[in-house]
Protein chains: 2
Amino acid sequence: MHTELCDRFGIKYPIFVFTPSEKVAAAVSRAGGMGVLGCVRFNDADDLEAVLQWMDENTEGKPYGVDIVMPAKIPTEGTAVDINKLIPQEHRDFIAKTLADLGVPPLPEDEAKNEGVLGWLHSVARSHVEVALKHPIKLIANALGSPPKDVIDQAHEHGVPVAALAGSAKHAQRHVENGVDIVVAQGHEAGGHTGEIGSVVLWPEIVDALDGKAPVLAAGGIGTGRQVAAALALGASGVWMGSAFLTSAEYDLGHREPGGTSTIQDALLRASSSDTVRRKIYTGKPARLLKTKWTDAWDAEGAPDPLPMPLQNILVSEAHQRMNESDNPDTVAMPVGQIVGRMNEIRPVADIIAELVDGFESASRKLDTIRDS
Amino acid sequence: MHTELCDRFGIKYPIFVFTPSEKVAAAVSRAGGMGVLGCVRFNDADDLEAVLQWMDENTEGKPYGVDIVMPAKIPTEGTAVDINKLIPQEHRDFIAKTLADLGVPPLPEDEAKNEGVLGWLHSVARSHVEVALKHPIKLIANALGSPPKDVIDQAHEHGVPVAALAGSAKHAQRHVENGVDIVVAQGHEAGGHTGEIGSVVLWPEIVDALDGKAPVLAAGGIGTGRQVAAALALGASGVWMGSAFLTSAEYDLGHREPGGTSTIQDALLRASSSDTVRRKIYTGKPARLLKTKWTDAWDAEGAPDPLPMPLQNILVSEAHQRMNESDNPDTVAMPVGQIVGRMNEIRPVADIIAELVDGFESASRKLDTIRDS
C-alpha cells in the first residue's frame, strides 16, 4: 500500500493516526504508519515536552507528528480562573445535579482536579507548537482548520508540513490558500469535531476541489482495510484515523484496572454504530460523542444550551474527569466515530495496522475480479 | 463490472436505479442496469397499469423492477377525504401563510389538485403489487423495509425477488428473517427516507451482519464510478442509486419549458452537497430533502411539528404540486441526497451509466497501482 505520501514522509503505509496517547502514537509509527499525538490535553508546555522526549526515545527514529487545536478566530483568552467567571450558575447547577442523579463518585482526594482543556486557547496552542518544533516532528495537524499564517510560516521554516481538517470543499480550498500542505477530509461519521457531509460524498469532492494542489487524507468511518480501499478508490492519498485505536492494547488513558480494560474501553467495546450523537456539549462546537447517560441528560427537556468554545469544555472538564475515572461505563464522556460499532476487541496497534494493510489488499483484488470477469 | 447479481437478474451491470420516471427507468434498463420504477405517485392502479404497459414496450425485453412504499406497521387507512379530517387547522394555516409569504402561484385552473400521496396506504401499495405482478417485473423493492409476509409470498409465487431498504444492521437482519431476498443498505447521505449511519460505516456492517444470507446493494452518496468502486470494495454486490438520475435528460416530471430543464432540475443543478436537510416534513418520517425556502420555513421559529405518516404528505401535497409546477427553483420540494453537489449538468441516462462503469474501472486500476508499487 504505497502512495506519494509514503515517500514524502518516509513511512511504510499512508496511515495517519491521531491519538491522545503517546503509547499509541509511538506504536503506530513503529508499525509503519504516522502516529500523530494530540496536544490539547497538555495545559502545561513542560508536560508536553516530557512526553515528546519519551516519543523520541520510543519511536526508533520513525516519523511522528503532533495535533493542535487552534481555532481560526481567536477565542476568549485568559486563565481558567478568569474564564470560570463567564460560566452561568444555571449551567453549574445542571452539572452538579446531573452528576448526583447519575451517581458519579467524587474524585479521589489525592487527585488534582482537571481545570479544563485550555489547549485551544491561541496562547496555549502556540506554546505546543514552540515545544514540538524543538523535536524531530514531521507533521503539525490542526483539528480546527487553518492555523494562523504565522504558525504555518513557523512550521515551514522548520521544514514541517501543516495539515488541517476540513468538513467541506470550500473550507479545504481556503486551507490550501492559507498555506496548508495536506487536507484531512473529515466526514460526518467521524468522532470529535465533524460536519454534515458523509465521507463517501465528501472525500472525492475535496479531492476534486483541490485538483492536485494538496494531497487529501480521508477521515471519518475508517476502521478496516476495506474502508481504506474505499478511501483510496475515492481519490484520497492516505487515511486519517482516530477512534479505532481507542481500543488498542496500548491505549492507557482513563480509569483502568491493572492489566484490564479501562472504563472508557468497556463503554466503547459494547457500543454499536447507532450509539453516537453529534452535539455541542463537549467543546461548544458540534462533535460526535459516544451516546451515554451523560449525553442523554443534555438531550433531556430542561437541559441548558451548551456554552460557546472554550467555555463549554471548562464547564464540563471536571465532570468528564470524574466520569472517566469512575468504573461505570454508562457515564463516560468520550468523542468517538460511528466506527465504534466495529471496535469489539482490544488489539495491539501492530495488529490493527496489519489488518488495514491485508484488508486493503483483499478488497483491491476483489475489485479486480469484478472488473475482469 | 460483473457480480453475481448480473447473472441472477440478466443485467450487464449491477447498477439498480430507483426513479419515479418511467422514461428514466426504461433508459437505465436499456443501458444495462436495472430500472426500478417508483409506484408511490400512482394513487389510481389504472394509471400504474398504463405506465407499466409503456415500460414493457420501451425496455427492449430488458429486466426492470418496481418500488413500493409499504410501512411495516399498517397506518391510518381511508380516502383522502377521511384522512383530511385528521389534519389540524394550525397546520393548514401554516401552509397557506408560507405559500403566500414565498409568493407561490396557484395551480393553473385546468389542472387537477393533487390529493396527496396515498401510495403508502397498505391498500394502495397492495394494488400496486397486484398490477405489477401481471407484468414481467424482475424485482419488487420496498422503500420502508420488509413488506408484510403475504406480499413477500405473493411475489415469490410469481418468481419475483423482494428487496428492502435498511438503515441499520439490525433492520437488515430482520428483513432477511422475514423472507426479503436483497437488502438495500441506505446510508445517511441518501435522499428520501434515511437513517443516521454514514454509508462507509453502514455498507460493510450490513454485509457482515448478513454473512452471505442475502446480497447487499449499497445506497447513499453514489453518483460516480469511484463511488461504485468504494461500494464494491466495502463488500456490496451492486449499487442502488436515485438522486443522480434526477438530472438525467430523460427525467421529465415537474414544470418544464419545452426542450429545457425543469424547475426541479434548475434547483438541483445549482445545489452543493451542503444544501440538503434531513427532516420529517415530507412524509412524517426523516427524509433527506433539497434545502430550499420551503424547508427553511419549516425550520423557522413558530413552525408546527410535522404530522405522522401518512398525514404529513396529505397536508403538503398540494403545496408541493404548486411549488414544483412554478418556475421558481427557490421553492421546490424535492427529496435528494448529498450527491446533489455533483449533479451539475443534464446528461442522458446512458452517459451516466457509461461514466459509472469507466470510473469504476479507473478506480480499481488505481488501487492496483497502490497495492503493487
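Criteria and cut-off values
- Sequence order as written defines the numbering, with residues in each chain counted from 1.
- Each chain gets a letter, beginning with A, and each ligand a number, beginning with 1, in the order they are written.
- With the structure being a predicted model, the display of local features is reserved for residues of pLDDT at least 70 and the display and counting of side-chain atom pairs for 80 or more, all residues being used for whole-chain, interface and lining totals.
- The side-chain figures draw on all heavy atoms in the structure; neither hydrogens nor water molecules are used.
- Under the scheme applied here, a residue whose accessible area is under 20% of the maximum for its type counts as buried, over 50% as exposed, and between as partly exposed, the area being computed with a 1.4 Å probe on protein chains only.
- Counting from the N terminus, the helices are the DSSP runs of H or I reaching at least four residues and the strands are the DSSP runs of E reaching at least two.
- Convention adopted: a line fitted to C-alpha atoms gives each axis, helices being fitted over their contacting stretch, and angles between N-to-C directions are expressed from 0 to 180 degrees.
- Should an angle lie under 35 degrees it is considered roughly parallel, over 145 roughly antiparallel, and from 65 to 115 roughly perpendicular; all remaining angles are considered oblique.
- Helix crossings get a hand from a simple test, with the near helix turned counterclockwise from the far one by less than a right angle marking a left-handed crossing and a clockwise turn marking a right-handed one.
- Contacts are residue-level and defined by heavy atoms, with any inter-residue pair within 4.5 Å sufficient.
- Classification convention: Asp, Glu, Lys, Arg as charged; Ala, Val, Leu, Ile, Met, Phe, Trp, Tyr, Cys, Pro as nonpolar; all other residues, Gly among them, as polar.
- The domain boundaries here were taken from an automatic or database domain assignment.
- By buried area we mean how much accessible surface two parts lose on assembly, using a 1.4 Å probe and totalling the loss over both.
- Should a side-chain nitrogen of Lys or Arg be within 4 Å of a carboxyl oxygen of Asp or Glu, the pair is scored as a salt bridge.
- Under the rule applied, a polar contact is a pair of N or O atoms within 3.5 Å (in protein, one hydrogen donor and one hydrogen acceptor; residues adjacent in sequence only if both atoms are side-chain atoms).
- Residues reaching a pLDDT of at least 70 in both copies supply the C-alpha atoms on which the copies are superposed by least squares.
- Put plainly, a pocket is an open set of points on a 1 Å grid over the protein atoms alone with protein on both sides within 12 Å along at least five of seven lines, a cavity is a set where a 1.4 Å probe fits but cannot get out, and a lining residue has an atom within 4 Å of a point.
- Grid points are joined across faces, edges and corners, and a volume is the space filled by probe spheres set on the points.
- Here the rule is simple: two strands pair whenever DSSP picks up at least two bridges between them.
- Each residue carries a pLDDT value, the predictor's own confidence for that position, ranging from 0 to 100.
- The reported arc concerns the directions from the helix axis to the C-beta atoms and nothing else.

An unreviewed UniProt entry lists chain A under the name Nitronate monooxygenase, from Mycolicibacterium sphagni.

Draft legend 1. Structural view of unusual backbone geometry. Residue and element names in this part refer to chain A. The backbone of E60 sits at a positive phi, close to 50°, despite the residue not being glycine. Relative accessible area serves as the criterion here: at 59%, E60 is assigned to the exposed category. Phi at D211 takes a positive value of approximately 50°, unusual for a residue other than glycine. With respect to the helices, strands and loops of the structure, D211 is situated in the loop between α9 (199-210) and β8 (216-219). Take D211: its relative accessible area is 61%, and that puts it in the exposed class.

Draft legend 2. Representation of the packing of helix α2 (residues 22-30) of chain B against helix α3 (residues 45-58) of chain B. Residues and elements named next belong to chain B. At a minimum axis distance of 10 Å, the contact between α2 and α3 shows a crossing angle of 30°. Between α2 and α3, the angle is such that the two are roughly parallel. Crossing of α2 over α3 shows right-handed handedness. In this structure, α2 uses E22, K23, A25, A26 and R30 to contact α3, whose residues at the interface are V51, W54, M55 and N58. Per-class residue counts for the contact of α2 with α3 are five nonpolar, one polar and three charged.

Draft legend 3. Up close: the domain arrangement of chain A. Residues and elements named next belong to chain A. Here chain A is partitioned into domain 1 (4-74 + 118-250 + 348-372) and domain 2 (80-116 + 274-334). Each of domain 1 and domain 2 was reduced to a C-alpha centroid, and the two centroids are 27 Å apart. With 16 residues of domain 1 in contact, the opposing surface of domain 2 contributes 15 residues. Together, the buried faces of domain 1 and domain 2 total about 1,200 Å²; carbon and sulfur atoms form 62% of this surface. Linking R278 and E196 is a salt bridge whose minimum nitrogen-to-oxygen distance equals 3.7 Å. For the interface between domain 1 and domain 2, the tally reads eight residue pairs in polar contact (both at pLDDT 80 or more). Here the side of domain 1 that touches domain 2 is built from residues that sort into seven nonpolar, seven polar and two charged.

Draft legend 4. A look at the relation of the copies chain A and chain B. Note on the copies: chain A fits chain B at an RMSD of 0.0 Å, the axial shift is 0.0 Å, and the rotation between them is 180°. Here the transformation between the copies is reduced to the relation of a two-fold axis. Within chain A, A:A230 has its C-alpha nearest the rotation axis, a separation of 2.0 Å. The fraction of interface residues of chain A whose copies in chain B are also interface residues reaches 100%, indicating that both copies meet through the same surface.

Draft legend 5. Region of interest: empty space enclosed by the protein. Residues and elements named next belong to chain B. For the coordinates displayed, the defined rule picks out one cavity of 30 Å³ or more. In this structure, the largest cavity spans a volume of roughly 40 Å³. In terms of lining, the largest cavity is formed by I281, Y282, L289, L290, T292, W294, T295, H320, V332, A333 and M334. By residue class, the composition of the lining of the largest cavity is eight nonpolar, three polar and no charged.

Draft legend 6. Seen up close, the sheet that holds strand β7 (residues 192-193) of chain B. What the three strands build is an open sheet, ordered β7-β11-β10 (chain B); its pairing is antiparallel. What marks the edges here is a single partner per strand, and that holds for β7 and β10 (276-279) of chain B.

Draft legend 7. Representation of the interface of chain A and chain B in the model. The interface is formed by 44 residues belonging to chain A together with 44 residues belonging to chain B. Regarding the contact of chain A and chain B, the summed buried area is about 3,700 Å², with carbon and sulfur atoms giving 55% of it. Inspection of the region where chain A meets chain B yields six salt bridges. The partner of A:D208 in a salt bridge is B:R226, with the nearest N and O atoms 2.7 Å apart. Remark: the boundary between chain A and chain B carries 23 residue pairs in polar contact (both at pLDDT 80 or more). Elements with a minimum of two residues in the side of chain A that touches chain B: α9, α10 (225-233) and α14 (349-372) of chain A. The dominant element in the side of chain A that touches chain B, judged by the number of residues it contributes, is α14(A), at 10 residues. Grouping the constituent residues of the side of chain A that touches chain B by class yields 18 nonpolar, 15 polar and 11 charged.

Draft legend 8. Highlighting the confidence of the model for chain A. For chain A, mean pLDDT is 93; residues scoring 70 or higher make up 95% of the total. Both scores are given for the predicted complex: the pTM is 0.95, the ipTM 0.95.

Draft legend 9. Representation of the side chain of B:H320. Residues and elements named next belong to chain B. Mapped onto the fold, H320 is located in helix α13 (residues 311-325). Taking relative accessible area as the criterion, H320 reaches 7% and is therefore assigned buried. Residue contacts for H320: discarding those within four places in its chain leaves Y282, W294, N313 and A333.

Draft legend 10. Up close: helix α8 (residues 169-177) of chain A. Residue and element names in this part refer to chain A. When we look at burial in α8, the residues that qualify are A169, A172, H175 and V176. End-on, the buried residues of α8 take up no more than an arc of 120°, which puts them together on one face. Residues of α8 that are exposed and point more than 90 degrees away from the buried face comprise K170 and E177. Residues of α8 that are buried in the fold lie against β5 (162-166), β6 (182-186) and α9. G179 lies just past α8 and shows a positive phi near 105°.

Draft legend 11. Inspection of the sheet that holds strand β10 (residues 276-279) of chain A at higher detail. All names here are of chain A. Reading across the sheet, the three strands line up as β7-β11-β10 and stay open at both edges, with antiparallel pairing between neighbours. In the strand order of this sheet, the two ends are held by β7 (192-193) and β10, each with one partner. Examined bridge by bridge, β10 and strand β11 (residues 287-290) share four bridges and lie antiparallel to one another. If you follow T276 over to β11, its bridge partner there is L290.

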